[in-house]
Each structure stands twice: as C-alpha cells, then as structure tokens.
Amino acid sequence: MDFKYSEEQEILRDTIRDFAQKEIAPVAAELDAEARFPKDIVAKLAELGFMGMMIPSTYGGSELDAVCYVIAVEEISKACASTGVTVSVQNSLVCQPLLDHADEEQKKKFLVPLASGKKLGAFSLTEPDAGSDIANVQATAVLEGDHYVINGTKIFVTSGGDADTIVLFASTDRSKKSKGISTFIVEKDTPGFSPGKKENKMGMRASGTYELVFENARIPKENLLGQEGEGMKISLRALDGGRIGIAAQAVGIAQAALDASIEYSKQRKQFGKVICEFQAIQWMLADMATEIDAARLLTYRVADLKDQGIRYTKEAAMAKLYASEVAMRSAIKAVQIHGGYGYMKEYPVERNFRDAKLTEIYEGTSEIQRLVIAASLLR
Ligand code: CAA
C-alpha cells in the first residue's frame, strides 16, 4: 500500500491546481450569479487534455489513470464545482461508456472528438417518472428501416443544452422493463430533437441542467451503443464511474469550505482575539479536515480499484455517499464559522453550501448509495 502520489500525479495536481486557482476561481462567483456556462474555460480544459483523461491517446484522450482524474476533478471543483461536474460528466458518463461499449466506427466518429474535448457530451437517463427508479424509463425507440425513431422527454440532463453529443437511454421494448432499455448516441442537430427548458437551480448554477425533448427524432441504427436491452447495465456501469467523479467533486467543495474557514478564522476578531484561537472554532476545523481526508482516501481507493480493473460498484457508492455528506457537513460548518458573513453572497462558502447539496442527490441519491452498498453486503 502506497499513500504517495506518483511523479505524474504530482505534476498533474500542480498543473491543474495552478490553472484552477488562476483561471477558474476568480470568475466562479460571477458564473454562479449569472448561471453562465463557462465555454471558454471548458475549451481551455479541453486543450490541456482534461476532457478525456482516462481514454487512450489513439481515441483522442490523455491516457491518464483514474487517480489523476479524481485529483483533477477535486482541484477544479475546489475553484468551481459547476466546472467540476462538467468535466466529470464528460469523462465518466460520456467518454467512458463509449470506450467500454462503442464499436470501432463509433469510437472514431464520436469518442475521438469528445475525448479530445472538441465536442461536449451529455448523459441522458432521468425522466419525470424515472429518477432513482431508472428501470421505469418511458422514452421509446422504435426501429423503422435504418433508423430508430425516438419519442419522449428527459429531464435533469447536465450540459444537455450545450452538448454536441448525447448518450441517451430509451426503451426498445417496454414489456421487458429494465431489460428493454437501450442506449443511443444522439447528435445535437438530429431533426426532432431539441433542448427544452433550462432549470433554475439552487446551486451548481454554472452547469446547465436541461430538459431534452424527442419528437419522432430519427437516428441512424448504427448509433445504437452496445446491444438492444443492455441499457440498464450500461447506465449503471457508467454511473459507478460517475460516482467516483462526484465523490472527487464533493471533496473539492469540502476542501474549499475548509480553506476559506481557516483563512477567515485567522482574520476575524471577536472578544479581542482572532476567532481561530477559540476552541469551538478549532474543533470544527479539526473535524472538517479529518472527514475530508477520510473522504479523499475513499475516493482515491475506488479510483485505484478502477485502475486495477477490479469491480468497484460498492466502493464507488461508499466514496460518493461519504464524500457528499462530508461536503454538506463541511459547508454547514464553514457558514457557521463565517457567522453572518457566511450567509452573504460575497463569501464563497455561501456558494459551497448550495453546491454541496447537489452532490447528495445527483448520480444517485445518498439513499440509493446506501441501497447499493447494502445489496453488495447482503449478496
Ligand atoms: N454495473 C453493471 N451492471 C449492474 C450494476 C452495475 N453497477 N448494478 C446492477 N447491474 C445489473 C444487475 O446485475 C442486473 O442485471 P441482471 O438483471 O442481468 O441480473 C441489472 O443491472 C439490474 O440490477 P438491479 O436488479 O440491482 O437493479 P434495481 O432496479 O434493483 O436497482 C438501482 C438499481 C441501484 C436502484 C439503480 O436503479 C440506481 O442506481 N438508481 C439510481 C440512478 C441514478 O443514479 N440516477 C442518476 C442519473 S444521472 C444524473 O444524475 C444526471 C446527470 O447528468 C449527472
């Protein structure tokens, strides 16, 4: 067991930390206030190779390990959690299932531009009646000649309105329920497809969350990813990886909240001394730091399992569950340490607080993570 970063991981951490602190952190509050997707920043991250980190270079990726990926998502999320989820979805939920399930033609056509960051992707699974219960997907895909005709409405799609390519889940046979779900690659200019409303969210506001509408959208049958009926498994396998990214994102938010609290507590004076001299504050800082380290270690552990090719469903759920709850607890403490100022938009902990909440919800709520963990314990 080796708790040291490799030289490659250390160089990568310094590079992305420097970029995130210089180019992302200074504009994060403005992006949040305007609910603006940072296209220019995402383009720079693509140039630096952060949009297809775990994809082989033959398919346009950076060929890095999953530990590098979580280091990067943590550093980006520490500066701006919205940019963190954009990077995480592209890597884990879009590029990875294409690497795992696409045929050679599909990889050349779709994976190469996504992994190199020339194109942006989205993962579209959720529907109004299929949130936690994804087996209840109602969108349909009917094969007519050389095309699948897609009908239905998807919701809560991260990057959905900004994406060039969408990994879509629809039912090819509703009578088979979960075994009738299939996966499709949809290009944004497909006739019959259009982004619907953009959600007005509490946090993570610089990441657009969209409804997607399919009205007799015809997509070539070559755009079926994997086999008909494999969609449930493709989605759950992708979400295992996605949960590693969200765990890393949560660690980044929690660390940002701790860093801000340390800095503030060294400056803020009450009762004639800086508040970090009070044990009440010290205990909060100590608890935050300990929990964040534990969350980071769970996240590194699951990334390492992925790198070793060992199934990591339970460990991804544990990392995501714990890290997201740590992010929420840390953000609550950070606001408390800042007192009245922590409730004001001028201080970044107010944004950390709002952003942290979503990590307990998307890519499987905390309750779903507990179900996944328990199922694996009781198997
Ligand atoms: N990888 C691959 N296959 C898996 C798997 C995994 N991790 N987990 C389960 N499977 C397989 C099972 O082996 C089973 O296959 P068989 O039928 O051949 O045996 C099949 O998938 C169904 O598995 P379960 O019986 O365990 O399924 P279930 O319906 O009982 O429970 C669930 C599944 C855990 C509740 C699951 O539905 C789940 O994780 N739900 C949460 C969904 C979620 O995370 N949604 C977020 C959407 S994306 C998002 O947030 C938006 C965004 O843009 C970021």
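Parameters and conventions
- Residues numbered from 1 in each chain as written.
- Predicted model: local features only at pLDDT ≥ 70, side-chain atom pairs only at ≥ 80, totals over all residues.
- Heavy atoms only, no water.
- Helix = DSSP H or I, 4+ residues; strand = E, 2+ residues; numbered from the N terminus.
- Rg over C-alpha atoms; globule rule 2.2 N^0.38 Å.
- Buried < 20%, exposed > 50% of the residue type's maximum accessible area, 1.4 Å probe, protein only.
- Contact = heavy atoms within 4.5 Å.
- Areas by Shrake-Rupley, 256 points an atom, 1.4 Å probe, with all protein chains shown as cover.
- Lys, Arg positive; Asp, Glu negative; His and termini not counted.
- Charge placed at Lys NZ, Arg CZ, Asp CG, Glu CD.
- Phe/Tyr/Trp six-rings, centres within 6.5 Å; stacked < 30°, edge-to-face > 60°.
- Near = heavy atom within 4 Å.
- Polar contact = N/O pair within 3.5 Å; in protein donor to acceptor, adjacent residues only side chain to side chain.
- Nonpolar A, V, L, I, M, F, W, Y, C, P; charged D, E, K, R; others polar.
- Domains from an automatic or database assignment.
- Patch = residues over 30% accessible without salt bridge, like charges linked within 9 Å, V, L, I, M, F, W, Y side chains within 5 Å.
- Salt bridge = Lys/Arg side-chain N within 4 Å of Asp/Glu carboxyl O.
- Pairing = 2+ DSSP bridges.
- Axes fitted to C-alpha atoms, helices over the stretch in contact; angles between N-to-C directions.
- Left-handed = near helix turned anticlockwise from the far one by under 90°.
- Expected span 1.5 Å × (residues − 1).

Asker: Quick question: what am I supposed to make of the overall build of the chain here?
Answerer: Helix and strand content of the chain: 10 helices and 10 strands. In summary, the chain has a C-alpha radius of gyration of 21 Å against a globular reference of 21 Å for 379 residues, a match within 12%. Burial status across the chain gives 55% buried among its 379 residues. Expressed as a percentage of contacts within the chain between residues at least 6 apart in sequence, the contacts between residues at least 24 apart total 74%. As presented, the chain carries roughly 16,900 Å² of accessible surface, and 53% of it is formed by carbon and sulfur atoms. Computed over 46 positive and 53 negative side-chain charges, the separation of the two mean positions in the chain equals 3 Å.

Asker: Mind showing me how you'd approach the packing of aromatic side chains here?
Answerer: Given two aromatic rings, one states the distance between the centres and the angle between the planes to describe the pair. Taken as a whole, this structure holds 7 aromatic pairs when the rule is applied. Where Tyr148 meets Phe184, the ring centres are 4.8 Å apart and the plane angle is 65°; that geometry is what we call edge-to-face. One end of the pair, Tyr148, is in strand β3 (residues 147-158); the other, Phe184, is in strand β5 (residues 181-187), and 36 residues separate them in sequence. Phe184 shares its class with Tyr148; the two are buried. Ring pairs connect the aromatic residues Tyr264, Tyr341 and Tyr347, which therefore count as one cluster.

Asker: Is there a simple way to think about the site of the ligand in this case?
Answerer: Neighbouring the ligand are 22 residues, the closest being Ser132, Lys179, Lys233, Asp240 and Glu363. A distance of 2.9 Å separates a nitrogen atom of the ligand from a polar atom in the backbone of Ser132. Between an oxygen atom of the ligand and a main-chain N or O atom of Glu363, the distance comes to 2.8 Å. Considering the ligand on its own, with 1,100 Å² of exposed area, one finds that the protein chains cover 69% of that surface. Counting residues per element, the ones that place at least two in the shell around the ligand are β3, α6 (231-267) and α10 (366-378). Among the elements that make up the shell around the ligand, the one with the highest residue count is α6 (7 residues). In terms of residue class, the shell around the ligand is made up of 9 nonpolar, 6 polar and 7 charged. Shared between two domains, the shell around the ligand holds at least three residues of each, these being domain 2 (121-229) and domain 3 (232-378).

Asker: Would you take a moment to explain unusual backbone geometry for this structure?
Answerer: Trans is the common state for peptide bonds, and a negative phi is the common state for residues other than glycine. Positive phi is not limited to glycine here, since Glu63 has a value of about 55°. Mapped onto the secondary structure, Glu63 falls in the loop between α2 (39-47) and α3 (66-79). In this model, Phe271 sits at a positive phi of 50°, which is unusual for a non-glycine residue. Mapped onto the fold, Phe271 is located in the loop between β9 (269-270) and β10 (273-274). Using a relative accessible area of 79% as the deciding quantity, one classes Phe271 as exposed.

Asker: It is not clear to me how a nonpolar patch on the surface should be interpreted in this structure. Could you clarify?
Answerer: On the surface, Met1, Phe3 and Leu297 cluster together into a nonpolar patch covering about 460 Å² of accessible area. Relative to the helices and strands, Phe3 resides in the segment before α1 (7-34). For Phe3, a relative accessible area of 67% translates into the label exposed.

Asker: How should I be thinking about the pairing of strand β4 (residues 165-171) in this particular structure?
Answerer: The side chains of a regular strand alternate, first on one face of the sheet and then on the other. Counting buried residues along β4, 7 of its 7 residues qualify, which places the element largely inside the surrounding structure. Burial of the side chains of β4 extends over both faces: Thr165, Val167, Phe169 and Ser171 are buried on one face and Ile166, Leu168 and Ala170 on the other. With 4 bridges connecting them, strand β1 (residues 121-124) and β4 associate as parallel partners. Note that in β4 the partner of Phe123 across the bridge is Val167. When β4 meets β5, the two strands line up antiparallel, connected through 7 bridges. Opposite Val167, over in β5, you have Ile185 as the bridge partner.

Asker: What am I meant to see in the packing of helix α8 (residues 313-338) against α10 here?
Answerer: Describing two packed helices takes the angle between their axes plus the distance from one axis to the other. The contact between α8 and α10 brings their axes to 9 Å, and the two run at 145°. Between α8 and α10 the crossing geometry is left-handed. The residues of α10 that touch α8, namely those facing Thr313, Lys314, Ala317, Met318, Lys320, Leu321, Ser324 and Glu325, are Ser366, Gln369, Arg370, Val372, Ile373, Ser376 and Leu377.

Asker: Can you walk me through helix α7 (residues 279-308) in this structure?
Answerer: Since the α-helix packs 3.6 residues into each turn, any two residues three or four apart lie on the same face. If you check α7, its first and last C-alpha atoms are 43 Å apart, about what 30 residues at 1.5 Å a residue would give, namely 44 Å. Of the residues one or two after α7, Gly309 is the one with positive phi, at around 75°.

Asker: Hey, could you run me through helix α5 (residues 104-115) in this one?
Answerer: Of the residues making up α5, those classed as buried are Gln106, Lys107, Phe110, Leu111, Pro113, Leu114 and Ala115. Two or three places before Glu105, at the start of α5, stands the capping residue Asp103, its side-chain oxygen 3.2 Å from that residue's backbone nitrogen.

Asker: Looking at this structure, I do not really get the environment of Ser77. What am I missing?
Answerer: Relative to the elements of secondary structure, Ser77 occurs in helix α3. Relative accessible area serves as the criterion here: at 2%, Ser77 is assigned to the buried category. Taking C-alpha positions, Ser77 is 9.4 Å from Ala25, a pair spaced 52 residues apart along the chain. Sequence-distant contacts of Ser77, defined by excluding residues within four places in its chain, comprise Gly84, Gln249, Gly252 and Ile253.

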